[in-house]
Amino acid sequence: MTAGSTAAERLLTELPPSPAVWCSGLRKRYRRQTAVDGVSFTVGRGEVVGLLGPNGAGKTSVIKILLGLVRPDAGEVLLLGRPARNPDARADVGYLPELFRYQPWLTPAEVLTLHVRLAGIAVPAQERRGCLALVGLAGRADDRVGSFSKGMQQRLGLAVALVARPQLVVLDEPTSALDPIGRADVRDLLISLKDRGVAVLLNSHLIGEVERVCDRVVILDKGRVAASGTLSELLGQRELRLRLDGVTAAAEARLAAAGRLTRTGNAFTVMLPAEQDGTTVPELVADLVGLGVRIHAVEPARISLEERLLDILRTGQGEGRQ
Amino acid sequence: MIVRTVFTIAALTLQEAARRRVLRALAVLTVVLLALSAWGFSRIDAEFGGLTSGEAKAVASIVLNLVMFGLSMIAALGTAFLAGPTLAGEIESGIALAVLGRPVRRAAVLVGKWLGLVTFGGSFVAVAGLAQLLIVRATVGYWPPKPATGLVLLAAQTTVLLTLGLLLSNVISPMASGIVAVGLFGATWVAGVVGSVGEALDNASVARIGTVSRMLLPTDGLWHGAMNSFQDPALLRQAGSGFGESPFLSMAPLTSTYLAWTGLWVAVMLGLAAMAYHRRDL
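Think of each chain on its own: its residues are numbered from 1, step by step along the sequence as written. Chain A is the first chain written and ligand 1 is the first ligand written, with later ones labelled in order. Where local features are concerned, this predicted model is filtered to residues with pLDDT of at least 70; where side-chain atom pairs are given and counted, the filter is 80 or more; whole-chain, interface and lining totals use all residues.

## Let's talk about the overall build of chain B
And then number 1: Helix and strand counts for chain B come out as 11 helices and 0 strands.
And then number 2: Under the DSSP-based scheme used, a helix requires at least four consecutive residues in state H or I and a strand at least two consecutive residues in state E, with every element numbered from the N terminus. The N-to-C order of helical and strand elements in chain B reads α-α-α-α-α-α-α-α-α-α-α.
And then number 3: In this treatment the radius of gyration is a C-alpha quantity, and the globule benchmark scales as 2.2 Å times the residue count to the 0.38 power. Taking 2.2 N^0.38 as the reference for a compact globule, 282 residues should give roughly 19 Å; the C-alpha atoms of chain B span a radius of gyration of 20 Å, in line with that estimate.
And then number 4: Expressed as lengths along the three principal axes of its C-alpha atoms, the size of chain B is roughly 70 × 40 × 30 Å.
And then number 5: Here the C-beta atoms are placed from the backbone, and a residue counts as buried if at least 20 other C-beta atoms lie within 10 Å of its own, exposed if 12 or fewer do, and partly exposed otherwise. Across the 282 residues of chain B, 44% fall into the buried class.
And then number 6: By the convention adopted here, residues make contact when the C-beta atoms placed from their backbones lie within 7 Å. Within chain B, counting contacts between residues at least 6 apart in sequence, those at least 24 apart form 78% of the total.

## Topic: the overall build of chain A
And then number 1: Summing up its helical and strand segments, chain A has 11 helices and 14 strands in all.
And then number 2: Each principal axis of the C-alpha atoms in chain A carries an extent, and together these give about 75 × 55 × 50 Å.

## A look at the pairing of strand E3 (residues 48-52) of chain A
Residues and elements named next belong to chain A.
And then number 1: Within E3, 5 of the 5 residues are buried, which leaves the element mostly enclosed by the surrounding structure.
And then number 2: Between any two strands, at least two bridges found by DSSP are needed for them to pair. Here 4 bridges tie E3 to strand E8 (residues 199-203), and the two strands are oriented parallel to one another. Looking at the pairing, Val48 lines up with Val200 of E8.
And then number 3: As paired strands, E3 and strand E9 (residues 216-221) are joined by 4 bridges and run parallel to one another. The residue of E9 that forms the bridge with Gly50 is Val217.

## Some points on the nonpolar core
Residue and element names in this part refer to chain A.
And then number 1: Each nonpolar core consists of buried Ala, Val, Leu, Ile, Met, Phe, Trp, Tyr and Cys residues. Their C-beta atoms, within 7 Å, join them into a set. Counting 140 residues, the largest nonpolar core has Leu66, Ala159, Val170, Val200 and Leu202 as the members making the most contacts within it.
And then number 2: Once residues lying within four places of it in the same chain are set aside, the contact partners of Val200 are Val48, Val169, Leu171, Leu190 and Leu193.
And then number 3: The next biggest cluster of nonpolar side chains, apart from the first, holds 6 residues, and it includes Leu240, Phe268, Val270 and Leu272.

## A short note on helix H8 (residues 204-216) of chain B
And then number 1: Helix span is expected to be 1.5 Å times the residue number reduced by one. In this model H8 of chain B runs 18 Å from its N-terminal to its C-terminal C-alpha over 13 residues, within 8% of the 18 Å that 1.5 Å per residue would give.
And then number 2: In the core, the buried residues of H8 of chain B are packed alongside helix H7 (174-200) and helix H9 (219-230) of chain B.

## Considering the sheet that holds strand E5 (residues 82-83) of chain A
Residue and element names in this part refer to chain A.
And then number 1: Ordered by their spatial adjacency, 4 strands build an open sheet running E2-E1-E4-E5, and the pairing between neighbours is antiparallel. The outermost strands of the open sheet, each flanked by one partner alone, are strand E2 (33-43) and E5.
And then number 2: With 2 bridges connecting them, strand E4 (residues 74-79) and E5 associate as antiparallel partners. What sits directly across from Leu79, in E5, is Arg82.
And then number 3: Across the face of the sheet, helix H2 (residues 59-66) comes into contact with strand E1 (21-30), E2 and E4 while running at roughly 120 degrees to E1. For every element, the axis is a line fit to its C-alpha atoms; helices are fit only across the contacting stretch, and the angle between N-to-C directions ranges from 0 to 180 degrees.

## With respect to the interface of chain A and chain B
And then number 1: Each side of the interface is counted separately: chain A has 24 residues, and chain B has 23 residues.
And then number 2: The element best represented in the side of chain A that touches chain B is helix H3 (residues 108-119) of chain A, accounting for 5 residues.
And then number 3: When its residues are assigned to classes, the side of chain A that touches chain B shows 15 nonpolar, 3 polar and 6 charged. Residue classes follow a fixed rule: Ala, Val, Leu, Ile, Met, Phe, Trp, Tyr, Cys and Pro count as nonpolar, while Asp, Glu, Lys and Arg count as charged, and any other residue, Gly among them, counts as polar.

## With respect to the domain arrangement of chain A
And then number 1: Each assigned domain of chain A is listed with its residue range as follows: domain 1 (16-233) and domain 2 (237-302).
And then number 2: Domain delimitation follows an automatic or database domain assignment. On a C-alpha basis, the centroid separation for the pair domain 1 of chain A and domain 2 of chain A is 44 Å.

## What to know about the sheet that holds E8 of chain A
All names here are of chain A.
And then number 1: Spatially, E6-E7-E8-E3-E9-E10 is the arrangement adopted by the 6 strands of the open sheet, whose pairing is mixed. Single-partner strands in this sheet number two, and they are strand E6 (93-96) and strand E10 (224-230). Between one strand axis and the next, the sheet turns through 15 degrees on average, direction left out of account.
And then number 2: Pairing of E9 with E10, which is carried by 6 bridges, proceeds in the antiparallel orientation. Note on E10: the bridge partner recorded for Asp221 is Arg224.
And then number 3: Across the sheet, helix H6 (residues 180-195) is in contact with E3, strand E7 (168-172) and E8; its angle to E8 comes to roughly 150 degrees.

## Brief notes about the packing of helix H5 (residues 106-140) of chain B against helix H11 (residues 256-279) of chain B
Residue and element names in this part refer to chain B.
And then number 1: Packing of H5 against H11 leaves a shortest axis separation of 9 Å and a crossing angle of 135 degrees. Taken together, the axes of H5 and H11 lie oblique to each other. Seen along the crossing, H5 lies across H11 with a hand that is right-handed. Here Arg106, Ala107, Leu110, Val111 and Trp114 of H5 lie close against H11, whose contacting residues are Leu270, Ala273, Ala274, Tyr277 and His278. Orientation is classified from the angle alone, with under 35 degrees giving roughly parallel, over 145 giving roughly antiparallel, 65 to 115 giving roughly perpendicular, and any other angle giving oblique. Left-handed describes a crossing whose near helix is turned anticlockwise from the far helix through less than a right angle; right-handed describes the clockwise counterpart.

## Digging into the environment of Ala20 of chain A
Residue and element names in this part refer to chain A.
And then number 1: Along the chain, Ala20 falls in the loop between helix H1 (3-14) and E1.
And then number 2: Distance from Ala20 to Gln167, taken between C-alpha atoms, is 7.7 Å for residues 147 residues apart in sequence.
And then number 3: Setting aside its immediate chain neighbours within four residues, Ala20 contacts Val43, Gly44, Arg45, Leu80, Gln167, Leu168 and Ala199.

## Examining the packing of H3 of chain A against helix H5 (residues 150-163) of chain A
Residues and elements named next belong to chain A.
And then number 1: Where H3 meets H5, the axes come as close as 9 Å, and the angle between the chain directions of the two elements is 30 degrees. The angle between H3 and H5 falls in the class roughly parallel. In the crossing of H3 with H5, the sense of the turn from one axis to the other is right-handed. Contacts from Pro108, Val111, Leu112, His115 and Val116 in H3 reach Leu156, Ala159, Val160 and Val163 in H5.
And then number 2: Looking at the contact of H3 with H5 residue by residue, the class counts come to 8 nonpolar, 1 polar and no charged.

## Digging into the confidence of the model for chain A
And then number 1: On a range of 0 to 100, pLDDT expresses the predictor's confidence in each residue. Per-chain confidence: chain A averages 87 in pLDDT, with 93% of residues scoring 70 or above.
And then number 2: Confidence drops under a pLDDT of 50 for residues 318-322 of chain A, and excluding neighbours within four residues, the segment shows 14 contacts in the predicted structure.

## So, the environment of Ser304 of chain A
And then number 1: Note that Ser304 of chain A resides in the loop between strand E14 (294-302) and helix H11 (305-315).
And then number 2: The exposure class assigned to Ser304 of chain A is partly exposed, which follows from the 13 C-beta atoms found within 10 Å.

## Some thoughts on the environment of Pro144 of chain B
All names here are of chain B.
And then number 1: Tracing the backbone through its elements, the reader meets Pro144 in the loop between H5 and helix H6 (147-171).
And then number 2: A tally of 25 C-beta atoms within 10 Å means that Pro144 is categorised as buried.
And then number 3: As a C-alpha pair, Pro144 and Met227 span 83 residues in sequence and 9.7 Å in three-dimensional space.
And then number 4: Not counting residues within four places of it along the chain, the set of residues in contact with Pro144 comprises Leu64, Leu133, Gly150, Ser229 and Phe230.

Structure, rendered in structure tokens:
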């Protein structure tokens, strides 16, 4: 082996791992309807990214393009560093489709065996059974899938997405048919994937779910990326609501110094920066007390992702990173 | 990787056929047909007791071809209606999404499905056809000259029609694909009859209808080859040149050129189906 090739190998191993998903300029038209219009985003290794947007925003089309199920009119996709045009790029990808159906004449155990074989890896039977147990189907491993309810089929779909030891999991509406317990199970599952360093791309209508587990959010509207960024970037400022008595001009000036101030009678609202520094609020309260203000209530509040999403979709522009 | 995908999907297709109702329906139909033919052949023996052994053989050979035609119809129609709907149905229901989200080539999935269906259709023809031949031997003592060749050609006929069904289901709706495949199968058979009338009347342009249709869809050509393997050679000598080809009598075995053409036809149709499947948005 030459010194040059060793150096090149070292250089390669020292490179940061390629993102789990990298896509650029995705475009797709169905006849006259533009479904996806110049979508670009990245999902880092081990990152959980939420895909949000109204019905018909192109979320499922984007997911299908990423997985090679729909051919884009333009754009490039890399999955775990490999061009998605090559089916081998999906070797370490697990997928739960929005329209989930599995061979009704097979048992769940057989469905998992089939998918492991198609993925081209060897997974011991015990691990496959563990995967079924993880989604709550341990007792039904040998029943026919045809006898399953929609919720149970969706649980099976989760097991299928997880069985071949994926490094990237793409979940398209994973809780659409699940009851509240099932949704909580999925949330725990997402957190455990995150802990294991598995990247997740999650398309969900349940904003609360996305807000709780996602590191970053990509908001799609009319086939375009309307906004994207980390939750704190997207949600922007925090609010501090106060109910005060005896507010002097000096006290009001102190409040205004902390952030943009609005006042309705005794109620004051101060807009604070997104980053929590742990000192702004206590210092403000101490100063107000020092200035002789009587404090009845101090209530920190955060704009919810839902409010922010509606705001972005209504105004047609996001202030997050594009 | 590709080979593993092909065999995995082929095995899955066979498992599907075995576990779904299609196998039971096909088994019932076949048993009914075989039972009827057994009864019919035993009547031939009883009613035409006065026939010479040569005459009895000739009658048995023609009736065998008739029954085999029924059998090949069941196999061809069964697989044609199975081929299109399974592929298109999986796309519509969403089963295909999870499978094709795996690191598999779509062409390999399609070829796997095709291989599974060919094995299924071929096994059906082999088992049911052999049972029929044994029934004939038991009832009237007739054994065709080339039974294996005949059964292989019948299996090839089934293969041709299911390949067409797979291609059509990628281009038109699944139900329409079954209907069109069966319609074309019937049309080619009728064109073959018209062609044989043309031959009998020495009318070259009418006879060409049969030839052209056998090139466009090789089902009727293969059927004639199969008949030739099942019928009594003495029958041809008896029939002489006056008869020519007929729907249930074949004068000559298939040429190797025609068999090569059939192979090429299947390969091209399968290639087109794979291309259409590959380009399809799911």
